[in-house]
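Examination of the molecular architecture
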Amino acid sequence: MHPYMMFFFFIALALGTSITAMSSHWLLAWMGLEINTLAILPLMAQHYHPRAVEATTKYFLTQATAAATLLFASLTNAWLTGQWDIQLMTHPVPTTLAIAALSMKLGLAPLHTWLPEVLQGLNLSTGLIISTWQKLAPFILLIQIPTANQQLLILLGVMSSLVGGWGGLNQTQLRKILAYSSIAHLGWMILILQFSPTLTLLSLITYLIMTTSAFLAFKYNNTTDINTLATSWAKAPLITATAPLLLLSLGGLPPMTGFLPKWLILQELTKQELPATAVFMALTALLSLYFYLRLSYAMTLTVTPNNLATTTPWRLNTPQASMPLALFTLTAIFTLPMAPAIMALLNF
């Protein structure tokens, strides 16, 4: 793809998300989501590979269905209450429809089945955009919708955390593992949304940093499955040494950064007199931690057989930029000591 065209599509992505973020009217928010979807489609299909075209088609059909449902929910709300304002959606029927539509856009369980298949058909760069930037606009709308006393959010959060942990156990492809990791993290965010939106925002920022670091590390090593992780020592020893810490941070293991949002969410659930939900979420986090440990073991404690007369991997110069990877990795691993300052800033 020509660099000017790619720059244009990235500007359209930013424009769509900005329109959704700044709008309080449902039609403008829906328009921003549509611009966002139409801008990412050429980036997904730019390699003309059959799997990329298939992933693009699946993504388009899913997002179009979710957008139509969201437009129907906003029309229903305007018909029942006479209001187009996002924060004045008070009737339970359009509110439930809007939450279901935004859940499909995010990839929350049980509307998650498109996300692993779409990510598997894309390269790591486009998968990074799908897993991070494309989550912002739906979450901005979810935070604005009045969600008090919504049992649906608790159900979606618990199911997403369980499906995200359970579905990633038997995967060997890194993109599918990252997709199920995304589903599990989104479940934690959606669960706490109605109780503490600021905590949801903190969890989203932490998720964006950790997921970006993971995608950049795999992209730097040019690895797409567990077997090729064993070649990381020869390609980038320093990244191989820090990547397990990054993966354990994704799993929420202390003293890494990923422990902070999980700790605060479990604390908030206990304050809201939901101890059973807190215990269940902590147990589902162990499922995710297992396949992160599996990736760490494959990367650090296994060595790939080198019986073929090929070019030694460490002799090849990589064209990947290492500065963003270094910054995101340090942030994803060593932010936990700043927890008191973050809690004071967010008034916890």
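Per an unreviewed UniProt entry, the protein chain is named NADH-ubiquinone oxidoreductase chain 2, and its organism is Chaeturichthys stigmatias. Recorded under Catalytic activity (unreviewed entry), the UniProt text for the protein chain is reproduced unchanged: "a ubiquinone + NADH + 5 H(+)(in) = a ubiquinol + NAD(+) + 4 H(+)(out)". Within the UniProt record for the protein chain, the comment given under Subcellular location (unreviewed entry) is "Mitochondrion inner membrane".

**A word on a nonpolar patch on the surface**
A cluster of nonpolar residues, M1, M5 and F8, forms a patch on the protein surface that exposes about 310 Å² of accessible area. Examined against the element boundaries, M1 turns out to sit in the segment before helix 1 (3-22). Of the residues examined, M1 reaches a relative accessible area of 43% and is grouped as partly exposed.

**Notes on the packing of aromatic side chains**
Following the criterion strictly, the structure yields 4 aromatic pairs and no others. The side chain of K262 reaches across the aromatic face of W188, ending 5.2 Å from its centre.

**Observations concerning the UniProt feature "signal peptide" (unreviewed entry) in the protein chain**
In the UniProt entry, the feature "signal peptide" (unreviewed entry) is given for residues 1-16. The span residues 1-16 carries 88% helix and 0% strand; its end-to-end C-alpha distance comes to 21 Å.

**So, the environment of H2**
In this fold, H2 is placed in the segment before helix 1. Looking at H2, the relative accessible area reads 47%, which means it is partly exposed. With 223 residues separating them along the chain, H2 and D225 place their C-alpha atoms 29 Å apart.

**Remarks on unusual backbone geometry**
Of the consecutive residues A109 and P110, the connecting peptide bond is found in the cis state with omega at 5 degrees. Relative to the elements of secondary structure, P110 occurs in the loop between helix 4 (92-106) and helix 5 (114-120). Notably, Y48 is not glycine yet its phi reads approximately 60 degrees, a positive angle. Residue position: Y48 is located in the loop between helix 2 (26-44) and helix 3 (50-81). You will see that N222, though not glycine, has its phi angle at about 60 degrees, which is positive. Of the residues examined, N222 reaches a relative accessible area of 62% and is grouped as exposed.

**Let's talk about the packing of helix 9 (residues 174-192) against helix 13 (residues 259-271)**
Across the interface, helix 9 lies against helix 13 with an axial gap of 10 Å and an inter-helix angle of 35 degrees. Here helix 9 and helix 13 pass one another in a crossing that is left-handed. Together, H185, W188, L191 and I192 of helix 9 and K262, I265, L266, E268 and L269 of helix 13 make up the contact between the two elements.

The rules behind these values
Residues numbered from 1 in each chain as written. Predicted model: local features only at pLDDT ≥ 70, side-chain atom pairs only at ≥ 80, totals over all residues. Heavy atoms only, no water. UniProt positions renumbered as here; feature names shortened; annotations may be inferred. Patch = residues over 30% accessible without salt bridge, like charges linked within 9 Å, V, L, I, M, F, W, Y side chains within 5 Å. Areas by Shrake-Rupley, 256 points an atom, 1.4 Å probe, with all protein chains shown as cover. Salt bridge = Lys/Arg side-chain N within 4 Å of Asp/Glu carboxyl O. Helix = DSSP H or I, 4+ residues; strand = E, 2+ residues; numbered from the N terminus. Buried < 20%, exposed > 50% of the residue type's maximum accessible area, 1.4 Å probe, protein only. Phe/Tyr/Trp six-rings, centres within 6.5 Å; stacked < 30°, edge-to-face > 60°. Lys NZ or Arg CZ within 6 Å of the ring centre and 35° of its normal. Axes fitted to C-alpha atoms, helices over the stretch in contact; angles between N-to-C directions. Left-handed = near helix turned anticlockwise from the far one by under 90°. Contact = heavy atoms within 4.5 Å.

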